[in-house]
Amino acid sequence: MQSEGGELIHASAVLVGDRGVLVCGNSGSGKSSLVQALMDRAAYRGMFAILVSDDQCRIRAESGRLLCTTPRALHGGLEVRGSGLHAADFEESAVIHLVVDLVEPNQSVRFGEDAITCLHGVAIAHLILSKWAINAACRAVEARLFRPVWKK
């Protein structure tokens, strides 16, 4: 769906430190769970992390960067499967630095350190991770965002 503010997509987004993460996947793949886990892990470490949007994100290219904004109707709502939507602190927008696709376990990529994807003409780092494996996905996201890649 296109609108003046960009494309509305089925995804969730979170800011971890100063890095925006866009989490894509089918319904029930763990997008909200991954976002919540990333926020919880950051809080435990004394880092900043905050919800941008859950379940739907509006994305657009701006000044060579991918910008994600929250649709007004979803400001501050985070789904907890089985319990419904719950209030959460949020930012209305974030520059996206990493796209995570949550896929079937046999479609995930073990070594994706050089992978990129292109959204709205902007190249973004990309991870293809197993859905429902939230702890492993958190470790992969944190490593991709904050650790240098080891080269022999």
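This text gives an overview of the structure that appears in the document. (Residues numbered from 1 in each chain as written. Predicted model: local features only at pLDDT ≥ 70, side-chain atom pairs only at ≥ 80, totals over all residues. Heavy atoms only, no water.)

1. Some points on the environment of Gly28
The line we're drawing: Counting from the N terminus, the helices are DSSP H or I runs at least four residues long and the strands are E runs at least two residues long. It only takes one pair of heavy atoms within 4.5 Å for two residues to be counted as in contact.
Relative to the helices and strands, Gly28 is located in the loop between β3 (19–25) and α1 (31–44). What Gly28 contacts, discounting residues up to four positions off in sequence, is Arg81 and Trp132.

2. Some details on the pattern of salt bridges
Pairing between side chains of opposite charge can happen when the charged atoms of each approach one another. Stated precisely, the cut-off is as follows: Basic side-chain nitrogens of Lys or Arg form a salt bridge, by our definition, when they fall within 4 Å of a carboxyl oxygen of Asp or Glu. Only protein chains enter the accessibility calculation, which uses a 1.4 Å probe; a residue is then buried when its area is under 20% of its type maximum, exposed when over 50%, and partly exposed in between.
Applying the stated rule across the entire model yields 5 salt bridges. For Asp18, the salt bridge identified is with Arg19, shortest N-O distance 3.0 Å. Linking Arg60 and Glu62 is a salt bridge whose minimum nitrogen-to-oxygen distance equals 2.9 Å. With a relative accessible area of 25%, Arg60 lands in the partly exposed category. Note on Glu62: relative accessible area 37%, which makes it partly exposed. Among the charged side chains, a salt-bridge network with shared partners connects Arg41, Arg45 and Glu142.

3. Some words on the nonpolar core
Inclusion rule: Put simply, a nonpolar core is a bunch of buried Ala, Val, Leu, Ile, Met, Phe, Trp, Tyr and Cys residues held in one set by side-chain atoms that sit within 4.5 Å of each other.
Ranked by internal contacts, the top residues of the largest apolar core, which has 21 residues, are Val21, Leu34, Leu98, Val100 and Val141. Those elements that place two or more of their residues in this core are β2 (6–16), β3, α1, β9 (93–103), β11 (122–130) and α2 (134–146). Per-element tally for this core: the top contributor is α1, with 5 residues. Setting aside residues no more than four positions away along its own chain, Val141 makes contact with Val21, Leu38, Leu98, Val100, Leu127 and Leu129.

4. Topic: the side chain of Glu142
Inclusion rule: Think of a polar contact as two N or O atoms within 3.5 Å of one another; within protein, one of them needs to be a possible hydrogen donor and the other a possible acceptor, and neighboring residues in sequence only count if both atoms come from side chains.
Of note, Glu142 is situated in helix α2. Given the relative accessible area of 14%, Glu142 is considered buried. A polar side-chain atom of Glu142 sits 3.2 Å from a polar atom in the side chain of Arg45. Excluding its chain neighbours within four sequence positions, the residues that come into contact with Glu142 are Leu38, Arg41, Arg45 and Arg147.

Just geometry here; none of it tells us what the structure is for.
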